[in-house]
Amino acid sequence: MFEGQLSETTKCSKGHSINEEMNPFWMIPLSLRDNCDATYSVEKGFERVFNKKTFSGDNSVFCPDCETKMEATSGCTMETSPPILTLLLKRFDFDYTTMSHVKSDCCVEVPPTINTPQKKYELYAMVNHMGSISGGHYTATVLSREDRAWYECDDAHVTKAEEQPFTKTSTHRSRTAYLLMYRASESDRDNLKDTFEDQERRRDEAKETCNGSKSHINKLKDMLKSLKSRTNKVKNTVEDPDSHRDKMKDMVEDPDSHRDKMKDTLEDPKSHKDKVKHMVEDPDSHRDKMKDIVEDPESHRDEVEETVEDPERCRDEAKETSKVSKSPKHKFQDMFKFSKSHRMKVKDTVEDTDSHRDKVKDTIEDPERRKDEAKETQSKAPDSHSQERKDTVKDPDRRTDEVKEHRAGSNEHKGVGEDADKEIPESLNSSADNCRHAEELCVTSL
Ligand SMILES: [Zn+2]
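Since the model is a prediction, treat every value here as computed from it, not as a measurement.

Trainee: How do you make sense of the overall build of the protein chain when you look at a structure like this?
Mentor: Summing up its helical and strand segments, the protein chain has 13 helices and 19 strands in all. Within the protein chain, buried positions represent 24% of all 446 residues. Pairs at least 24 apart in sequence give 63% of the contacts found in the protein chain among residues at least 6 apart. A total accessible area of about 31400 Å² is found for the protein chain, and carbon and sulfur atoms account for 52% of it.

Trainee: Sorry, what's going on with the sheet that holds strand β18 (residues 172-174) here?
Mentor: Backbone hydrogen bonds are what pair the strands of a sheet, in a parallel or an antiparallel way. Strand order in the open sheet formed by three strands is β4-β12-β18, with mixed pairing between adjacent strands. Of all the strands in the sheet, just β4 (40-41) and β18 have a single pairing partner and so form its edges. Looking at chain direction, strand β12 (residues 108-110) and β18 are connected through three bridges and run antiparallel. Within the sheet, the bridge partner assigned to Val-108 lies in β18 and is Ser-174.

Trainee: I would appreciate a short explanation of the coordination of the zinc ion in the present structure.
Mentor: Each donor-metal-donor angle would ideally measure 109.5 degrees in four-coordinate tetrahedral geometry, or 90 or 180 degrees in six-coordinate octahedral geometry. Taken together, Cys-12 (SG), His-16 (ND1), Cys-63 (SG) and Cys-66 (SG) make up the full set of protein donors to the zinc ion, lying 2.1 to 2.3 Å away. In this structure, the zinc ion is coordinated by four donor atoms arranged in tetrahedral fashion, with angles at the metal of 94 to 119°. Each donor residue of the zinc ion lies on one chain, and together they are spaced C-x3-H-x46-C-x2-C. Separated by 50 residues along the polypeptide, His-16 in the loop between β1 (4-12) and β2 (17-25) and Cys-66 in the loop between β6 (61-63) and β7 (68-70) bring together distant segments of the chain. Judged by its relative accessible area of 26%, His-16 falls in the partly exposed class. When its relative accessible area of 18% is taken as the criterion, Cys-66 is described as buried.

Trainee: Quick question: what am I supposed to make of a negative patch on the surface here?
Mentor: A cluster of acidic residues, Glu-239, Asp-240, Asp-246, Asp-250, Glu-253, Asp-254 and Asp-260, forms a negative patch at the surface. Considering each element in turn, the negative patch owes the most residues, three residues, to helix α3 (residues 241-253). Checked against the element boundaries, Asp-240 lands in the loop between α2 (186-239) and α3.

Trainee: Help me out: how do you make sense of the sheet that holds β1 in this one?
Mentor: What the four strands build is an open sheet, ordered β2-β1-β8-β5; its pairing is antiparallel. The open sheet has two edge strands, β2 and β5 (53-55), and neither has a second partner. Ignoring which end each strand starts from, the neighbouring axes of this sheet average 20° apart. Across three bridges, the pairing between β5 and strand β8 (residues 72-80) is antiparallel. The residue of β8 that forms the bridge with Phe-55 is Ala-72.

Trainee: Mind showing me how you'd approach the pairing of strand β14 (residues 120-131) here?
Mentor: Sheet faces and side chains relate simply in a regular strand, where the side chains alternate between the two faces. Of the strand pairs in this sheet, strand β13 (residues 113-115) and β14 are connected by three bridges, and their pairing is antiparallel. Each residue of the ladder has a partner; that of Thr-113, found in β14, is Glu-122. Counting the residues between successive antiparallel strands, the hairpin from β13 to β14 contains four residues. For β14 and strand β19 (residues 177-184), the ladder comprises seven bridges, and the chain directions are antiparallel.

Trainee: Just to check I follow, could you spell out the confidence of the model for the protein chain for this structure?
Mentor: The predicted coordinates should not be examined in detail at positions where pLDDT is low. Summary statistics for the protein chain give a mean pLDDT of 71 and a share of 54% for residues scoring 70 or more. Within the model, pLDDT remains below 50 along residues 321-343, and this stretch shows 20 contacts once partners closer than five positions in the same chain are excluded. In the model, residues 402-435 has pLDDT below 50 throughout and makes 31 contacts with residues more than four positions away in sequence or in other chains.

Trainee: Would you take a moment to explain the pairing of strand β10 (residues 92-95) for this structure?
Mentor: In this sheet, strand β11 (residues 100-103) lies alongside β10 in antiparallel orientation, the contact comprising four bridges. If you follow Asp-95 over to β11, its bridge partner there is Ser-100. The hairpin turn running from β10 into β11, its antiparallel successor, is four residues long, and Met-99 in that turn takes a positive phi close to 50°.

Trainee: Hey, could you run me through unusual backbone geometry in this one?
Mentor: Excluding glycine, most residues fall at negative phi; most peptide bonds, likewise, are trans. Within the chain, Arg-148 stands out as a residue other than glycine whose phi angle is a positive 60°. Within the fold, Arg-148 resides in the loop between β15 (136-143) and β16 (150-154). Judged by its relative accessible area of 49%, Arg-148 is partly exposed. We note that Asp-155 has phi near 50°; this positive angle belongs to a residue other than glycine. As for its placement among the helices and strands, Asp-155 is situated in the loop between β16 and β17 (157-160).

Trainee: What is the right way to read the environment of Arg-145 from this model?
Mentor: Take Arg-145: it is sitting in the loop between β15 and β16. We classify Arg-145 as exposed; its relative accessible area is 51%. The sequence separation of Arg-145 and Tyr-124 amounts to 21 residues, and the corresponding C-alpha distance is 9.0 Å.

Conventions used here
Residues numbered from 1 in each chain as written. Predicted model: local features only at pLDDT ≥ 70, side-chain atom pairs only at ≥ 80, totals over all residues. Heavy atoms only, no water. Helix = DSSP H or I, 4+ residues; strand = E, 2+ residues; numbered from the N terminus. Buried < 20%, exposed > 50% of the residue type's maximum accessible area, 1.4 Å probe, protein only. Contact = heavy atoms within 4.5 Å. Areas by Shrake-Rupley, 256 points an atom, 1.4 Å probe, with all protein chains shown as cover. Pairing = 2+ DSSP bridges. Donors = N, O, S within 2.8 Å, 3.2 Å for Na, K, Ca; no water. Tetrahedral: all angles 85-135°; square planar, octahedral: opposite > 155°, others 65-115°. Patch = residues over 30% accessible without salt bridge, like charges linked within 9 Å, V, L, I, M, F, W, Y side chains within 5 Å. Salt bridge = Lys/Arg side-chain N within 4 Å of Asp/Glu carboxyl O. Lys, Arg positive; Asp, Glu negative; His and termini not counted. Charge placed at Lys NZ, Arg CZ, Asp CG, Glu CD. Axes fitted to C-alpha atoms, helices over the stretch in contact; angles between N-to-C directions. pLDDT = per-residue confidence, 0-100.

Listed below in structure tokens is the structure:
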């Protein structure tokens, strides 16, 4: 309530800062010494506190930057004006001529208002001291807020002042006034309130801005996502301009159908999302379908036409297909496994043709024993291999030819196997691309 801040600075004549400090204050002391004989003007005295002072000659100040004593000026400004400003009139002082403490009873002119750069103040109380330095009496003169009249407070006695200050003169002359208390004027207090409310409002606004910036960041994120998806689309366009041109051509030639598709997506975003989800979950099947369409566009067009003409039947068919169909990825995996095991068998035959020929020879020389052996094998393990042996027994020459064929064919199978080895990672790569692409489609469709 009473605390303010004073900033004090000292600069050398070259402008170097020698001293800068900020100090709190609870009252501003005013020295009466200079004007003791005449009437002391509080207003001027208060202004003098903030006047620049020059230190020159013997009073020069050492400047660290100039590395020598320099003429310097010091200044004081009120950085923070308190709600209640108290001025202390230094009536109690040390008299160097008599080397004793003295009390000054000089007459002071008290202004009803005091201005600082920030506030206007209104006098509302004075503390008076009557008596000497060794003893005396304190009273207070206070302005009532109720009737706007000044009252004298003397211990327990409160009386309306006989002579109301500021009624006949613009200033109040006093020989006893010791403390002057000024209150920030009503309008300034309103301003203060406004400032406070303004601060609150600004804080709220800042909060909102902060929250807004979060949502803004999210919007930007979304924009970034859609930008990425657009970049990918553009990339696709660059990589496959013909397909893109065809699509555009379709759109240009049949804008209604394109509009209908878009309308469908807008009207039934869930179904669209499901489609995209499906693509994400089974990109291989999607890719295969696309491949089919590319390879056989006529049949696709027919299918679509059928779907359009009889959507119910198409839906039923699709349902049944989904029950039995295995995804191409799985089929392909099976093929790969099978070709591997087959390749191994053939490889064995190829690498050890002699042992195979010997077996065949044995069979020729002693067909009966082989037949029995085969029968035993069959009863123990009725598999395709026992069947093979049986065949060998019946027609050994044919089997030899078959082995030869196998040998030739194994290269083919080997090729399939190698292709499979190569193609699976590729398909996985492109399926990852599809996943990403579909994800982006998903994001943009949302
Ligand atoms: Zn300097």
